[in-house]
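Coordinates in review
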Amino acid sequence: MSKRPTPVVPRKRTPPNPNPEYEFLGPPGAVAMLIVLPLITYGLYYNCRAGFGCIPAYWDSKDGFWPSIGSDPTSYHKDLWNFFLSTWDFDAFKVYSAFMVFLFVTYFVIPGKVIEGTVVGGVGGTPLTKDRSNYKLKYKVNALRALMLMALMTAATLYTQGVKPFLFLYEHFIGLITASLIWTFGVSIFVYIWSFLPDGDGQEKILACGGNTGTKIYDFVLGRELNPRFSSSPDSTFDIKYFIELRPGLIGWIFLNFGMACQQYHSLGRITNSMIAVLFFETFYVVDSLWNESAVLTTMDITTDGFGFMLANGLLTWLPMNYSLQARFLADFPVDMSLTHAFIVIATQCIGYYIFRSANRQKNNFRRYGADAPQNKGLKYMETKTGSKLLISGWWGTARHINYFGDWLMALAWSLPCGLSSPLPYFYPIYFAVLLIHRELRDEEKCHKKYGKDWD
């Protein structure tokens, strides 16, 4: 007897949220992000560079803040387009694209442990995932090994050819910004269109609660799909958001830093102690993040936020191009730290790291292994009315989001080696403070909804 065909389950569209809670000033804010965020990255370059200076201490007003942008508001759109074209650098685009392809290939080629993430949230999905009380996705952990391979390749190049090949990163920096933005918009457009296509089972994708408003530009920026993947198989491990979350931004950041250090060595014939401090602390942060790669699976970026322009820009452009500002500043304006200066920098970094890592370890162990696991021995918690358990001792009994404070102290430590001649090298800790305050408010709202009065 022939088998009866498996009935095809009709695809059921997930309707937009009828009462969306807009963030970032809603659709107007989303439009502004598309324009302003790239301009900030360009602005940080053009207002802090060799031959121009770094405002205000070195700034020569006759150069202007923006090249090729006039004073007539009616021509701004043409000026901006011409400005963008002037930054196009095919060689830089090839290098950035080769970097992305390298990371993509190594994700599949390099062995890595496969682990489960936390329970998937969002809305919609196939009938098989309607009850997502214990539905988890799988992820492959091998970013640190990819970094190690790149480091070995870099060391071999440095040994055989010296610093000259790495001067490209300094000399073509503006072209690399443009290349990263092309990738940002390309990936953002792809995942937005991809979110409307059925999954491998012919069913609707799981969408992010905050990115399914029905307002196209807002959903494009915030991210419509929660976990964009090429395969709906439960054994699939490649997640576009997870892949981009750690690899291009963090790894690209420290290699740009290395290029800036090579430029300083090429110009001065030595590396200053301030450059060494920036490279060591920021590289340590990246290595530590990749060593604890699985910890990212408990963050809001993975569990709650959709993947759209905001995250893509933050990880492909904003992080590597803006966070390398301190090293780029020191390549052009070297600083030799005194012993007192160095002590302040080291102390700030060590205190920040201890708070950040130990607080996050407590949180991750509590979420992953459960309240009564050996890893959480001695920690106190309370049972909430929702049935969840809430940490009330350790770091999380001291302050609700003290890990953010530790993270910010480290950001400050990376800028302090630049001295006080210009505020621009402090862009990162200033911006990071605003980001963390906003994130803290989001966390507060989320936890208040989850735990109710117990959170108060």
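Residues numbered from 1 in each chain as written. Predicted model: local features only at pLDDT ≥ 70, side-chain atom pairs only at ≥ 80, totals over all residues. Heavy atoms only, no water.

The protein chain goes by Delta(14)-sterol reductase in an unreviewed UniProt entry, where it is assigned to Linnemannia schmuckeri. According to its UniProt record, the protein chain has this under Sequence similarities (unreviewed entry): "Belongs to the ERG4/ERG24 family." (UniProt positions renumbered as here; feature names shortened; annotations may be inferred.)

Turning our eyes to something else, we now look at the side chain of Gln263. The residue Gln263 is located in helix 8 (residues 240-268) in this model. The class of Gln263 is buried, set by a relative accessible area of 10%. (Helix = DSSP H or I, 4+ residues; strand = E, 2+ residues; numbered from the N terminus. Buried < 20%, exposed > 50% of the residue type's maximum accessible area, 1.4 Å probe, protein only.)

Another aspect to go through is the nonpolar core. Residues Val221 and Leu290 are the most contacted members of the largest nonpolar core, which totals 105 residues. With 13 residues, the top contributor of residues to this core is helix 8. With near-sequence residues (within four places) excluded, Leu290 lies in contact with Ala143, Leu144, Leu147, Leu246, Leu250 and Ile251. (Core = buried A, V, L, I, M, F, W, Y, C linked by side-chain atoms within 4.5 Å. Contact = heavy atoms within 4.5 Å.)

This part takes up the state of the cysteines. A covalent bond between the sulfur atoms of two cysteines is what we call a disulfide. Under the criterion given, the structure shown has 1 disulfide. Covalently, Cys48 is tied to Cys54 through a disulfide, its sulfur atoms 2.2 Å apart. Measuring the twist about the S-S bond at about -100°, one finds the Cys48-Cys54 disulfide to be left-handed. Residue Cys48 is classed as buried on the basis of its relative accessible area of 2%. (Disulfide = S-S within 2.5 Å.)

According to the stated counting rule, one finds 40 aromatic pairs in the structure shown. Between the aromatic rings of Phe166 and Phe258, the centroid separation amounts to 5.0 Å while the plane-to-plane angle is 80°, which identifies the pairing as edge-to-face. Of this pair, Phe166 sits in the loop between helix 4 (143-161) and helix 5 (167-171) while Phe258 sits in helix 8, and the two are 92 residues apart along the sequence. Judged by its relative accessible area of 11%, Phe166 falls in the buried class. Overall, the relative accessible area of 22% leaves Phe258 in the partly exposed class. Here the aromatic cluster, defined as three or more aromatic residues joined through ring pairs, consists of Phe104, Tyr107, Phe108, Phe190, Trp194, Phe230, Phe238 and Phe243. Taking NZ or CZ as reference, Arg328 lies 5.1 Å from the ring centre of Phe173, over its face. (Phe/Tyr/Trp six-rings, centres within 6.5 Å; stacked < 30°, edge-to-face > 60°. Lys NZ or Arg CZ within 6 Å of the ring centre and 35° of its normal.)

Another point: the pattern of salt bridges. One pass over the full model with this rule turns up 6 salt bridges. Here Arg247 ties to Glu293 by a salt bridge, and the two come within 3.3 Å at their closest N and O atoms. Separated by 46 residues along the polypeptide, Arg247 in helix 8 and Glu293 in the loop between helix 9 (273-291) and helix 10 (300-303) bring together distant segments of the chain. Since its relative accessible area comes to 1%, Arg247 is described here as buried. On the basis of relative accessible area, Glu293 is assigned to the buried category, the value being 1%. Note that Arg357 and Asp288 form a salt bridge whose closest N and O atoms lie 2.5 Å from each other. Of this pair, Arg357 sits in helix 13 (residues 339-369) while Asp288 sits in helix 9, and the two are 69 residues apart along the sequence. For the pair Arg357 and Asp288, a shared accessibility class is recorded, and that class is buried. (Salt bridge = Lys/Arg side-chain N within 4 Å of Asp/Glu carboxyl O.)

Bringing a nonpolar patch on the surface into the picture now. On the surface, a cluster of nonpolar side chains totalling about 660 Å² of accessible area is made up of Val101, Phe104, Val105, Phe108, Val109, Phe190 and Phe230. With 5 residues, the top contributor of residues to the nonpolar patch is helix 3 (residues 90-109). (Patch = residues over 30% accessible without salt bridge, like charges linked within 9 Å, V, L, I, M, F, W, Y side chains within 5 Å. Areas by Shrake-Rupley, 256 points an atom, 1.4 Å probe, with all protein chains shown as cover.)

Before going further, it helps to examine the UniProt feature "transmembrane region" (unreviewed entry) in the protein chain. UniProt annotation of "transmembrane region" (unreviewed entry) refers to residues 24-45, 93-110, 143-161, 173-194, 307-325 and 337-356 when read in the numbering used here. Taken end to end, residues 337-356 comprises 90% helix and 0% strand; its first and last C-alpha atoms sit 26 Å apart.

The terminal C-alpha atoms of helix 4, which comprises 19 residues, lie 27 Å apart, in line with the 27 Å expected from a rise of 1.5 Å per residue. Within helix 4, burial applies to Ala143, Leu144, Ala146, Leu147, Met150 and Thr154. Summarising the axial view, the buried residues of helix 4 lie within an arc of 150°, below the 170-degree limit, and thus occupy one face. Along helix 4, the residues that are exposed and aim more than 90 degrees away from the buried face are Leu152, Tyr159 and Thr160. Where helix 4 terminates, the next one or two residues include Gly162, which has phi positive at roughly 75°. (Expected span 1.5 Å × (residues − 1). Arc of directions from axis to C-beta.)

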